[in-house]
Amino acid sequence: GIGAHEVIIETPDHYKEICDLDSAHIELVIKAYYQRYVDLQGDSRFKYIIIFRNYGKDAGASLEHPHSQLIALPIVPKRAKEELRGAKQYFDYRGRCVFCDIITQELEEKKRIVSENESFLAFNPFTPRFPFETWIIPREHCSDFGHYAQSKDKKNIVELAKILKEVLLRIKVALGDPSYNFILHSSPLREKEMESYHWHIEIMPRLVGVAGFEWGSGFYINPTAPEKAAECLRDVKV
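Quick look at the structure, then.

Definitions and limits used
- Residues numbered from 1 in each chain as written.
- Predicted model: local features only at pLDDT ≥ 70, side-chain atom pairs only at ≥ 80, totals over all residues.
- Heavy atoms only, no water.
- Patch = residues over 30% accessible without salt bridge, like charges linked within 9 Å, V, L, I, M, F, W, Y side chains within 5 Å.
- Areas by Shrake-Rupley, 256 points an atom, 1.4 Å probe, with all protein chains shown as cover.
- Salt bridge = Lys/Arg side-chain N within 4 Å of Asp/Glu carboxyl O.
- Helix = DSSP H or I, 4+ residues; strand = E, 2+ residues; numbered from the N terminus.
- Axes fitted to C-alpha atoms, helices over the stretch in contact; angles between N-to-C directions.
- Parallel < 35°, antiparallel > 145°, perpendicular 65-115°, else oblique.
- Left-handed = near helix turned anticlockwise from the far one by under 90°.
- Contact = heavy atoms within 4.5 Å.
- Nonpolar A, V, L, I, M, F, W, Y, C, P; charged D, E, K, R; others polar.
- Pairing = 2+ DSSP bridges.
- Phe/Tyr/Trp six-rings, centres within 6.5 Å; stacked < 30°, edge-to-face > 60°.
- Buried < 20%, exposed > 50% of the residue type's maximum accessible area, 1.4 Å probe, protein only.

In this section: a nonpolar patch on the surface. A cluster of nonpolar residues, Val7, Ile9 and Leu63, forms a patch on the protein surface that exposes about 280 Å² of accessible area. Residue position: isoleucine 9 is located in strand β1 (residues 4-9).

What follows is the structure in structure tokens.
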């Protein structure tokens, strides 16, 4: 096997989490994601890059100091393949990106939106696997995070930093600083722009355990309706 595993240190302050940083500092973290993503993309042996953050013991964090991780793989992992395949099937049937349709529906219904700005929408998806699962997605269609982040319009990173800080702060305040996993989903490396796929971030607070039924069936038991979760996150004072 071949690959790369990097740790991105977010701040020199041992006790500050990413939502405690100011937006300008978070912009630097996102730029570091982009710089390492582009550099590793140049290695033809790598097919896929995962950027993620484990916060808290229940989310698998083994280091206390605030950090994110990046792993480059020589294959496209099963989870990503399933998501790409499902998006392509929808596109072949509807002629539209399923994520763009989700954005349209969420903006029309306005029941599951947590926050929004000019460039991004944050919402609790209609069928979440976990209580308070929250997605952050760019309004503009783009399948590749690296391509989006390199845009000449620096507003993209500025707006992403603002909404990421706000969403993580709302989760921290509303839920009592829970453990969570944060995963950036993007298209495989060196692919042409994909009409069927849309890069995004998924944040999963660790409020319930994953046990035998979930592992055995692939189904998830979620006792919290996304509409209630979004309302709770919106109402909290931050």
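This paragraph deals with the packing of helix α1 (residues 23-41) against helix α5 (residues 155-175). Any two packed helices are characterised by the angle at which their axes cross and by the distance between the axes. Close contact between α1 and α5 brings their axes to 8 Å; oriented N to C, the two are set at 115°. The orientation of α1 with respect to α5, classified from their angle, is roughly perpendicular. At the point where α1 passes α5, the crossing takes the right-handed sense. In contact with Ser23, Ile26, Glu27, Ile30 and Lys31 of α1, α5 contributes Ile157, Val158, Leu160, Ala161, Lys162, Leu164 and Lys165. A class-by-class count of the residues in the contact of α1 with α5 yields 7 nonpolar, 1 polar and 4 charged.

Our next topic: the pairing of strand β4 (residues 113-116). Looking at chain direction, β4 and strand β5 (residues 120-123) are connected through 3 bridges and run antiparallel. Across the sheet, serine 115 pairs through a bridge with alanine 122, a residue of β5.

Per the counting criterion, the structure on display carries 20 salt bridges. One network of salt bridges, in which partners are shared, links Arg79, Glu83, Arg129, Glu133 and Glu202.

Pairing is antiparallel across the open sheet formed by 8 strands, whose spatial order is β1-β3-β2-β7-β8-β6-β5-β4. Pairing within the sheet leaves two strands with one partner each, and these edge strands are β1 and β4. Averaged over all pairs of adjacent strands, the angle between their axes in this sheet comes to 20°, without regard to strand direction. Against the sheet, α1 engages β1, β2 (48-55), β3 (67-73) and β7 (180-185), with an angle of about 15° to β3.

This model, assessed by the stated rule, comprises 11 aromatic pairs. An angle of 40° between the planes, with centres 5.1 Å apart, marks the rings of tyrosine 55 and tyrosine 180 as tilted. One end of the pair, tyrosine 55, is in strand β2; the other, tyrosine 180, is in strand β7, with 125 residues separating them in the sequence. Relative to tryptophan 199, the ring of phenylalanine 120 lies with its centre 6.2 Å away and its plane at 70°, an arrangement referred to as edge-to-face. Of the two residues, phenylalanine 120 is situated in strand β5 and tryptophan 199 in the loop between β7 and β8 (200-205); the sequence distance between them amounts to 79 residues.

Our focus in this paragraph is the environment of leucine 70. With respect to the helices and strands, leucine 70 occurs in strand β3. A C-alpha to C-alpha distance of 18 Å links leucine 70 and lysine 81, two positions 11 residues apart in sequence. The contact partners of leucine 70, leaving out residues within four places of it in the chain, are Ala4, His5, Glu6, Tyr33, Arg36, Tyr37, Leu40, Ile49, Ile50 and Ile51.

This brings us to unusual backbone geometry. Phi angles above zero are rare outside glycine, and lysine 110 is one such case at about 55°. A positive phi is found at aspartate 177, a non-glycine position, where the angle reads about 60°. By the secondary structure assignment, aspartate 177 is in the loop between α5 and β7. For aspartate 177, a relative accessible area of 35% puts it in the partly exposed group.

Now for the pairing of β3. Across a regular strand the side chains alternate sides, sitting on one face of the sheet and then on the other. Among the 7 residues of β3, 5 are classified as buried, and the element is accordingly described as predominantly covered. Where β1 lies against β3, 6 bridges are found, and the strand directions are antiparallel. Pairing of glutamate 6 across the sheet is with leucine 70, part of β3. With 5 bridges joining them, β2 and β3 adopt antiparallel strand pairing. In the sheet register, phenylalanine 52 faces β3, and the bridge partner there is glutamine 69.

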